[in-house]
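These are the residues of each chain, in order.
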Amino acid sequence: MEETLKILKRFGAEDLKRMQAFSLDQKIELAKANIREWYEKWDGRVCVSFSGGKDSTVLLHLVRSVFPNVPAVYSNTGLEFPDIRKHVKQFENVEIVVPKRNFMQVLTEEGYPIISKDISRKIRLVTNARKKGKRSAAEDAFIGVGTYENSIYACTKYKPLLDVDFRISDECCMTMKEKPLMEWYKISNAKPFIGTMAIESTRRKVAWITHGCNAFDTKHPSSKPLSIWTEQDIYEYTKRYNLPLAKPYGEIVYDGCKYCTTGCNRTGCIFCGYGAHLDKGRRFKELAKLEPRLYEFCLNGGERDDKGMWIPNKQGLGFRYVYDTLNSLYGNRFIEYSTDKTLF
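Residues numbered from 1 in each chain as written. Predicted model: local features only at pLDDT ≥ 70, side-chain atom pairs only at ≥ 80, totals over all residues. Heavy atoms only, no water.

Some thoughts on the overall build of the protein chain
Point 1. In terms of regular secondary structure, the protein chain is built from 13 helices and twelve strands.
Point 2. A compact globule built from 344 residues should have a C-alpha radius of gyration of about 20 Å, and the protein chain, at 21 Å, falls within 12% of that.
Point 3. Oriented by its inertia axes, the alpha-carbon framework of the protein chain measures out at about 60 × 50 × 45 Å.
Point 4. Within the span of the protein chain, comprising 344 residues, buried residues form 48% of the whole.
Point 5. A separation threshold of at least 6 residues defines the contact pool for the protein chain, and within that pool the share at least 24 residues apart is 65%.
Point 6. Counting only carbon and sulfur atoms, one obtains 50% of the accessible surface of the protein chain, whose full area is about 17,500 Å².
Point 7. Looking at charge distribution, the protein chain has the averaged site of its 55 positive side-chain charges lying 2 Å from that of its 43 negative ones. (Helix = DSSP H or I, 4+ residues; strand = E, 2+ residues; numbered from the N terminus. Rg over C-alpha atoms; globule rule 2.2 N^0.38 Å. Buried < 20%, exposed > 50% of the residue type's maximum accessible area, 1.4 Å probe, protein only. Contact = heavy atoms within 4.5 Å. Areas by Shrake-Rupley, 256 points an atom, 1.4 Å probe, with all protein chains shown as cover. Lys, Arg positive; Asp, Glu negative; His and termini not counted. Charge placed at Lys NZ, Arg CZ, Asp CG, Glu CD.)

Thoughts on the pairing of strand 1 (residues 46-49)
Point 1. Burial along strand 1 is two-sided: the residues Val 46 and Val 48 and Cys 47 and Ser 49 are all buried.
Point 2. Relative to strand 5 (residues 191-193), strand 1 runs parallel, the two sharing three bridges. What sits directly across from Cys 47, in strand 5, is Pro 192.
Point 3. The pairing of strand 1 with strand 2 (residues 72-75) spans two bridges and is parallel. Opposite Val 48, over in strand 2, you have Ala 72 as the bridge partner. (Pairing = 2+ DSSP bridges.)

Some points on the side chain of Thr 175
Point 1. Examined against the element boundaries, Thr 175 turns out to sit in helix 8 (residues 171-188).
Point 2. Overall, Thr 175 belongs to the buried group, its relative accessible area being 8%.
Point 3. For Thr 175, the side chain forms a polar contact with the side chain of Arg 101, separated by 3.3 Å.
Point 4. Ignoring sequence-local partners within four residues, the contact set of Thr 175 consists of Pro 99, Arg 101, Val 106 and Pro 180. (Polar contact = N/O pair within 3.5 Å; in protein donor to acceptor, adjacent residues only side chain to side chain.)

Considerations on helix 4 (residues 54-66)
Point 1. Under the 1.5 Å per step criterion, the end-to-end length of helix 4 is 19 Å for 13 residues, consistent within 8% with the ideal 18 Å.
Point 2. Extensive coverage of helix 4 is indicated by the burial of eleven of its 13 residues.
Point 3. The inward-facing, buried residues of helix 4 contact helix 3 (24-41), strand 1, strand 2, helix 5 (82-88), strand 5 and helix 10 (231-240). (Expected span 1.5 Å × (residues − 1).)

Structural notes on the pattern of salt bridges
Opposite charge on two side chains permits pairing when their charged atoms draw close.
Point 1. Scanning the entire structure with this criterion turns up 29 salt bridges.
Point 2. The salt bridge involving Lys 27 is made with Asp 233; its shortest N-O contact spans 2.5 Å. Of this pair, Lys 27 sits in helix 3 while Asp 233 sits in helix 10; the two residues are 206 residues apart in sequence, bridging distant segments of the chain.
Point 3. Using a relative accessible area of 1% as the deciding quantity, one classes Lys 27 as buried.
Point 4. For the salt bridge of Glu 236 with Arg 240, the shortest nitrogen-to-oxygen distance reads 3.8 Å. With Glu 236 and Arg 240 both in helix 10, this residue pair falls four residues apart, about one helical turn.
Point 5. For Glu 236, a relative accessible area of 31% gives the class partly exposed.
Point 6. Note on Arg 240: relative accessible area 40%, which makes it partly exposed. (Salt bridge = Lys/Arg side-chain N within 4 Å of Asp/Glu carboxyl O.)

Coordinates in, geometry out; function isn't part of it.
Okay, here's the thing in structure tokens:
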């Protein structure tokens, strides 16, 4: 199996689709090999980063099928479906950490997460530099010049977002989830297993091409044994081993050609704006159905601060104004957030 891992690490982007087509048994074998390699490298000082979602539930089962005593850690951001937290608490040996700021504070002080983490990060860099009378290199991404000329990371479409009247930032993920987890990793001297897949984004695909499943040589080393898996693999593995699913997912069913869930397809942070322009309003319909009060709180509220910037208030997070602004720039149905009134 060591030889298999060495061969696997020599592959690049052109082979990712072929690896994603491996059988589930092959993927399980490779995942366990990466788990063993990671565990042995760090002399067992490892942990599972556990979100309570279907992917990390599979990861936790996989890791503990090889090393049963590996601890898990969950960041209770307060942004998940309440039933996700209930799901997490049914597992043993799971440490729960909490962020130092709440989501409303992060939105007010840092900005709203929209479009994608990469776009929000670039906007944050540009706007923060402008406040200091400087120019960030990230500004080139919005005009498609320099290193961003003909680059997949250019984002000229989103240049108007540099001048909207609300802050935009990627800091929520770092503050609410990543920082509490990283502090725990440091205190516990544990290197994490993380349940992400290369198929989920360009950034994760590039990270796998660069580092493989086990990233030993990064600032924050981590193992991602599910990197070459697909969502169908997650469903099949969950069915095969009869793993519990958090209530928002409903049940896993086969529709004649693929597996799917009867409830939410993905969970995560329920107020997150990343990818909201891609799912045709599905996330908002699911949130409205499962947690109508949280749906209203997400969209409603908002006010101007002393600088005229839009921020949340006690009545709600104010996302309706943010999404309406995006729709005015990119078309009325760019982000579909309204839903059937009969749900309430």
